[in-house]
Amino acid sequence: MPLAIFDLDHTLINGDSDYSWGQFLVERELVDRTEYEAKNEQFYQDYVNSTLDPMAYLEFAVGPLTQYSLDELADFHRDFMEAVIAPMWQPKAEALLEKHRSAGDTLLVITSTNRFIVEPICHKLGITEIIAARPEMIDGSYTGKITGGHTFQHGKVEQLNRWLQEKDENLEGAWFYSDSINDLPLMEVVDNPVAVDPDDKLRAEAKQRGWEIISLR
């Protein structure tokens, strides 16, 4: 059956889980407020401007994981889900997922946010197939490094191609839903690209190319 591929942030959820996790760490005083907040804001602006250095950002984002035990991190993430992610939930997104699920499509999330942050969110959405940057672990602890590369811009296409080969899948009839111009490389290789509450640049591109534009908000 065809793949139904989804971006996560600002697409399936109404917000940015990556940036919000950083703000959550600041508000809970789990990182140095002055230094971390400034860097988190700058990286977010780089993302919006399509100038992000993905590996530099990912190592910044997973750095705090090295400072706490896995049990502590699990507790932090549960609080994060309740306090921050729950208000971002979109019933229309769940309905769209159910539409594809009922059609027998294979649901897949591909996101530039790291897997520690997104995996519980995807599981709550009922999605188990996830392509995301993987924080490295050695002897049961995070190292602050990323293993396997990034999933930003063309990186999403590269990682998806690896996944397709591993799973013996293909892109025939595939859908891809995204809000961001950063995902243009992937939108160009699927049969059914859909712009979801798109940024201005993607909206203009979608209109020019005749792609579907929808809102889940």
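Quick note: structure is the one above.
The shown structure was predicted, so the numbers you read here are calculated from the model rather than taken from an experiment.

Draft legend 1. Looking closely at the pairing of strand β5 (residues 175–178). Note that strand β1 (residues 3–6) and β5 share 3 bridges and pair parallel. Considered in β5, the bridge of I5 is made with F176.

Draft legend 2. Geometry of the pairing of β1. Here β1 shows two buried faces, one formed by L3 and I5 and the other by A4 and F6. Looking at chain direction, β1 and strand β2 (residues 106–114) are connected through 4 bridges and run parallel. Following the sheet pairing, L3 is matched in β2 by T106.

Draft legend 3. Focus on the packing of helix α1 (residues 17–27) against helix α6 (residues 115–124). Between α1 and α6, the shortest axis-to-axis distance is 10 Å and the interhelical angle comes to 110 degrees. For the element pair α1 / α6, the angle class is roughly perpendicular. For α1 against α6, the interelement crossing comes out right-handed. Two secondary-structure elements touch here, α1 through S17, D18 and W21 and α6 through F116, I117, V118 and I121. Split into classes, the residues belonging to the contact of α1 with α6 amount to 5 nonpolar, 1 polar and 1 charged.

Draft legend 4. Fine view of the pattern of salt bridges. Within this structure, the stated rule accounts for 13 salt bridges. For E37, the salt bridge is made with R33, and the minimal N-O distance between the two is 3.9 Å. Placement of both E37 and R33 in helix α2 (residues 33–48) is noted, with a separation of 4 residues, approximately one turn of the helix. Since its relative accessible area comes to 29%, E37 is described here as partly exposed. Judged by relative accessible area, R33 falls into the partly exposed class, the value being 41%. E119 serves as the salt-bridge partner of R115, at 3.1 Å between the closest nitrogen and oxygen. Here R115 pairs with E119, and both are found in helix α6, just 4 residues apart, close to one helical turn. On the accessibility criterion, R115 (13% relative accessible area) is buried. By relative accessible area, E119 is classed as partly exposed at 29%. Connected through salt bridges with shared partners, the residues D7, K156 and D183 form a single ionic network.

Rules used in this analysis
Residues numbered from 1 in each chain as written. Predicted model: local features only at pLDDT ≥ 70, side-chain atom pairs only at ≥ 80, totals over all residues. Heavy atoms only, no water. Pairing = 2+ DSSP bridges. Helix = DSSP H or I, 4+ residues; strand = E, 2+ residues; numbered from the N terminus. Buried < 20%, exposed > 50% of the residue type's maximum accessible area, 1.4 Å probe, protein only. Axes fitted to C-alpha atoms, helices over the stretch in contact; angles between N-to-C directions. Parallel < 35°, antiparallel > 145°, perpendicular 65-115°, else oblique. Left-handed = near helix turned anticlockwise from the far one by under 90°. Contact = heavy atoms within 4.5 Å. Nonpolar A, V, L, I, M, F, W, Y, C, P; charged D, E, K, R; others polar. Salt bridge = Lys/Arg side-chain N within 4 Å of Asp/Glu carboxyl O.

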